[in-house]
Amino acid sequence: MNRTFTLTRAAGLARLGTVTPRLGRTYAAERNADPGPDAETSTTALSPYLRRRLITEAEVVAAAHEAHGMAAEKFVSEVFWRTYFKGYLETHPTIWADYLRLVAEGEARLAANSGLRSTYERAVEGRTGIECFDNWARELVEDGWMHNHTRMWFSSIWIFTLRLPWALGAAFFLRHLLDGDPASNTLSWRWVAGLHTRGKHYLARAGNIRRYTEGRYDPAGLDEGARPLSEDMEARLVPLPLADPTPDGPVALLLHIDDLHPESLPLGSATVERVGGLVAHVPGADGRVRAADDAAMADALARAGEHFGCPADLIAPEWAGDLPVVSAWAPVGPSADALPLCVRVRRPWDEVAWPNATRGFFQLRSAISKVLQSVSSDTA
Ligand SMILES: Cc1cc2nc3c(=O)[nH]c(=O)nc-3n(C[C@H](O)[C@H](O)[C@H](O)COP(=O)(O)OP(=O)(O)OC[C@H]3O[C@@H](n4cnc5c(N)ncnc54)[C@H](O)[C@@H]3O)c2cc1C
């Protein structure tokens, strides 16, 4: 597979068109296998586009349903894992702050402890001697993308066999992944560790790796009996913050990299007279991730300028003049931290789904039809 991602909406839609024919039974049957970086992936590789909403969840779900009906159920439920993690972090925001603190603490431990530092360096440079893990570490750095099952194996080996701090592994992913996302990444690492569903961890097993890499790897020495991690404090559930009502009259629209399809934002009767772009990268993002964010923003600004028929550029001082500033809701993470005070509107998809994402995934899974009924793809 060509693992070069062009971060434009047109490229995202083209990729969606390519993969749609296999989003039914083929996806469900094949998605667990990782055929390796040189083959076409068994999943869609739409994540860099969905992460920035160059294409929306509603669009990919609609395409899958249209082509396959109920046979697309597995794919649709995977898309809802993204929605679930987003909603869970919105209602447990201290998890992100704790993660950032744990990364800083982990880095301090690396500086102070040469044994830990050497294990860490061998892990991120692909020199542990565990062949599959070493190849995956290099693939991540070279390609900026990894198959889901491989992410599970990699993070599990990182935590339970190499015994490295989970937050440093999550930070390694966030530095290089082109879909690196505060919610999906942090909560997936916590899920593997046994911190999300308390006491239930994911252990990478040699037999499972052998089977789903089609025999390419058969690692020895994995700790297949490790106990889950634990922590003293459970993250506090907070009420979902309220979005603002859709505005009236002339506004300036502020785009951020968590939502780059301004054409489908619920803007009511507002008239957009100016568009600004604010790029806030994830912490530590490498050059390729930053370039991807910048390219995606440039694409969205060009589309927004054309769609609304007004100037559209990265923000500069006084960019909005006297106009009230409106933005798509920025979920917990760097965009939310960087946004100025403004009117924040939420898409129906998130508005209906997130209140059902406060506990386990199954709470949201049973609300999927409600989310889909209440959302029409042109406004979601
Ligand atoms: C340790 C670890 C870290 C991860 N970090 C990220 C991350 O930073 N960003 C990210 O988008 N995903 C992350 N994931 C989830 C998942 O691995 C990727 O979303 C998926 O591999 C993307 O490939 P795809 O587009 O081919 O997925 P497909 O299987 O084609 O699924 C379609 C879309 O559904 C969503 N999705 C599918 N599976 C999941 C899942 N398990 N969790 C959340 N969303 C999902 C993604 O938006 C994906 O693009 C992580 C998983 C693990 C185990």
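Quick caveat, the model's predicted, so the values are computed rather than measured.

## Here we look at the packing of aromatic side chains
Any two aromatic rings considered together are summarised by their centre-to-centre distance and by the angle between their planes.
Logical step 1: Per the counting criterion, the structure on display carries 23 aromatic pairs.
Logical step 2: Centre to centre, the rings of Trp191 and Tyr202 are 6.1 Å apart; their planes meet at 20°, and the pair counts as stacked. Taken together, the residues span a long stretch of sequence, with Trp191 in helix α11 (residues 182-193) and Tyr202 in the loop between α11 and α12 (206-212) at a distance of eleven residues.
Logical step 3: Judged by relative accessible area, which is 25%, Trp191 ranks as partly exposed.
Logical step 4: Its relative accessible area of 15% is what places Tyr202 among the buried residues.

## So, the sheet that holds strand β1 (residues 248-256)
Logical step 1: The sheet built from five strands is open, its strands ordered β3-β2-β1-β4-β5 with parallel pairing. With partners counted over all chains shown, the strands left at the sheet margins are β3 (312-314) and β5 (343-345), one partner each. With strand direction ignored, the average angle separating the axes of adjacent strands in the sheet is 35°.
Logical step 2: Relative to strand β2 (residues 269-278), β1 runs parallel, the two being bridged by nine bridges. Each residue of the ladder has a partner; that of His256, found in β2, is Leu278.

## Things to note about the UniProt feature "domain: Cryptochrome/DNA photolyase FAD-binding" (unreviewed entry) in the protein chain
Logical step 1: The residues that UniProt annotates with the feature "domain: Cryptochrome/DNA photolyase FAD-binding" (unreviewed entry) are residues 75-211.
Logical step 2: Taken end to end, residues 75-211 is 75% helix and 0% strand, and its first and last C-alpha atoms sit 21 Å apart.

## What to know about the site of the ligand
Logical step 1: In the vicinity of the ligand lie 28 residues, with Tyr27, Thr43, Thr44, Ala45 and Asn148 positioned nearest.
Logical step 2: A distance of 3.3 Å separates a nitrogen atom of the ligand from a polar backbone atom of Arg82.
Logical step 3: With respect to the ligand, the side chain of Arg151 contributes an N or O atom lying 3.4 Å from an oxygen atom.
Logical step 4: For the ligand, whose unbound accessible area comes to 810 Å², protein coverage reaches 97%.
Logical step 5: Put simply, the parts of the chain that give the shell around the ligand at least two residues each are α3 (47-51), α5 (73-91), α9 (148-161) and α11.
Logical step 6: When residues in the shell around the ligand are grouped by element, the largest group, six residues, is from α5.
Logical step 7: Taken together, the residues that form the shell around the ligand break down as 14 nonpolar, nine polar and five charged.
Logical step 8: The residues that make up the shell around the ligand include at least three from each of domain 1 (1-92 + 347-380) and domain 2 (103-212).

## Here's the deal with the pattern of salt bridges
Logical step 1: As enumerated under the stated definition, the model contains 27 salt bridges in all.
Logical step 2: A salt bridge links Arg52 to Asp293; the shortest N-O distance between them is 2.9 Å. Of this pair, Arg52 sits in the loop between α3 and α4 (57-68) while Asp293 sits in helix α13 (residues 287-308), and the two are 241 residues apart along the sequence.
Logical step 3: In this structure, Arg151 engages Asp179 in a salt bridge whose closest nitrogen and oxygen atoms are separated by 2.7 Å. Placement of Arg151 in helix α9 and of Asp179 in the loop between α10 (166-176) and α11 is noted, with a sequence separation of 28 residues between them. Both residues of the pair, Arg151 and Asp179, count as buried.

## Here we look at the packing of helix α8 (residues 131-143) against α9
Logical step 1: In contact at an axis separation of 10 Å, α8 and α9 are set at 115° when each is read in the N-to-C sense. Viewed along their axes, α8 and α9 adopt a mutual orientation that is roughly perpendicular. Here the hand of the crossing between α8 and α9 comes out left-handed. Every residue of α9 that contacts α8 at Phe133, Trp136 and Ala137 is listed here: Thr150, Trp153, Phe154, Ile157 and Trp158.
Logical step 2: Here the contact of α8 with α9 is composed, by residue class, of seven nonpolar, one polar and no charged.

## A short note on the domain arrangement of the protein chain
Reports of interface size often rely on the accessible area that becomes lost once the parts have come together.
Logical step 1: Structurally, the protein chain comprises domain 1 (1-92 + 347-380), domain 2 (103-212) and domain 3 (248-345).
Logical step 2: Taken residue by residue, the interface counts 18 residues in domain 1 and 20 residues in domain 3.
Logical step 3: For the pair domain 1 and domain 3, the two sides together bury roughly 1,600 Å², of which 50% comes from carbon and sulfur.
Logical step 4: Of all residues in domain 1, the largest losses of buried area upon contact with domain 3 belong to Arg51, Arg52 and Arg347, amounting jointly to 37% of the total for that side.
Logical step 5: In this structure, the connection of domain 1 to domain 3 is made through five salt bridges.
Logical step 6: For the pair domain 1 and domain 3, the number of links is twelve residue pairs in polar contact (both at pLDDT 80 or more).

Rules of the game
Residues numbered from 1 in each chain as written. Predicted model: local features only at pLDDT ≥ 70, side-chain atom pairs only at ≥ 80, totals over all residues. Heavy atoms only, no water. Phe/Tyr/Trp six-rings, centres within 6.5 Å; stacked < 30°, edge-to-face > 60°. Helix = DSSP H or I, 4+ residues; strand = E, 2+ residues; numbered from the N terminus. Buried < 20%, exposed > 50% of the residue type's maximum accessible area, 1.4 Å probe, protein only. Pairing = 2+ DSSP bridges. Axes fitted to C-alpha atoms, helices over the stretch in contact; angles between N-to-C directions. UniProt positions renumbered as here; feature names shortened; annotations may be inferred. Near = heavy atom within 4 Å. Polar contact = N/O pair within 3.5 Å; in protein donor to acceptor, adjacent residues only side chain to side chain. Areas by Shrake-Rupley, 256 points an atom, 1.4 Å probe, with all protein chains shown as cover. Nonpolar A, V, L, I, M, F, W, Y, C, P; charged D, E, K, R; others polar. Domains from an automatic or database assignment. Salt bridge = Lys/Arg side-chain N within 4 Å of Asp/Glu carboxyl O. Parallel < 35°, antiparallel > 145°, perpendicular 65-115°, else oblique. Left-handed = near helix turned anticlockwise from the far one by under 90°. Contact = heavy atoms within 4.5 Å. Buried area = accessible area lost by both parts, 1.4 Å probe.

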